[in-house]
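These are the residues of each chain, in order.
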Amino acid sequence: MYYLPRSWVSHFANAYDQGKVPAAMGVAFVDTARMGDGLDVMHESLLWKGRTLLHASSRTGRVVTLPLTEYLQGPGRGFDGFVLFEYR
């Protein structure tokens, strides 16, 4: 399995707009510093239309909706990349 580096986040919205990815996708956040011990995925969320994240916030105790870029500047700032997956 491969992950996409954090720098690719700017491509997600365009990929959706061009019809290359579905409206709802799973996104698993990766911390490469922990890849050696078998714990690759640190958090999972739903990505809507390549822009909006539905995120189960431990801080608020509920699911919140926010722009993916905002999440990456805040709670997700420590993640190195993503694994995207399609719901079936």
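Higher on the page you've got the structure.
Attention in this report is confined to the structure presented alongside it.

Rules of the game
Residues numbered from 1 in each chain as written. Predicted model: local features only at pLDDT ≥ 70, side-chain atom pairs only at ≥ 80, totals over all residues. Heavy atoms only, no water. Pairing = 2+ DSSP bridges. Helix = DSSP H or I, 4+ residues; strand = E, 2+ residues; numbered from the N terminus. Contact = heavy atoms within 4.5 Å. Axes fitted to C-alpha atoms, helices over the stretch in contact; angles between N-to-C directions. Patch = residues over 30% accessible without salt bridge, like charges linked within 9 Å, V, L, I, M, F, W, Y side chains within 5 Å. Areas by Shrake-Rupley, 256 points an atom, 1.4 Å probe, with all protein chains shown as cover. Salt bridge = Lys/Arg side-chain N within 4 Å of Asp/Glu carboxyl O. Buried < 20%, exposed > 50% of the residue type's maximum accessible area, 1.4 Å probe, protein only. Polar contact = N/O pair within 3.5 Å; in protein donor to acceptor, adjacent residues only side chain to side chain.

## Considerations on the sheet that holds strand β4 (residues 52–57)
Then comes step 1: In spatial order, the strands read β1-β6-β2-β3-β4-β5; together these six strands make up an open sheet with antiparallel pairing. At either end of the open sheet lies a strand with only one pairing partner, and these are β1 (4–5) and β5 (62–67).
Then comes step 2: Sheet analysis places β1 next to strand β6 (residues 81–86), joined by two bridges and oriented antiparallel. Across the sheet, the residue bridging to Leu4 is Phe82, located in β6.
Then comes step 3: Strand contacts of helix α1 (residues 9–17): β1, β3 (41–48) and β6, with the helix running at about 25° to β6, the strand carrying the most contacts.

## Things to note about a nonpolar patch on the surface
Then comes step 1: A contiguous nonpolar patch, built from Trp48, Leu54 and Val63 and spanning about 260 Å² of accessible area, is present on the exposed surface.
Then comes step 2: Inspection of the secondary structure assignment puts Trp48 in strand β3.
Then comes step 3: The class for Trp48 is partly exposed, based on a relative accessible area of 38%.

## With respect to the side chain of His43
Then comes step 1: With respect to the helices and strands, the residue His43 is situated in strand β3.
Then comes step 2: Side-chain polar atoms of His43 contact the side chain of His55, separated by 2.8 Å.
Then comes step 3: Discounting residues that sit within four places of it in the chain, His43 has contacts with Val27, Ala28, Phe29, His55, Ala56, Tyr71 and Phe79.

## Structural notes on the pattern of salt bridges
Then comes step 1: Going through the model one piece at a time under the given rule, you end up with two salt bridges.
Then comes step 2: Asp17 serves as the salt-bridge partner of Arg51, at 2.6 Å between the closest nitrogen and oxygen. Of this pair, Arg51 sits in the loop between β3 and β4 while Asp17 sits in helix α1, placing them 34 residues apart in sequence.
Then comes step 3: Owing to a relative accessible area of 38%, Arg51 belongs among the partly exposed residues under this scheme.

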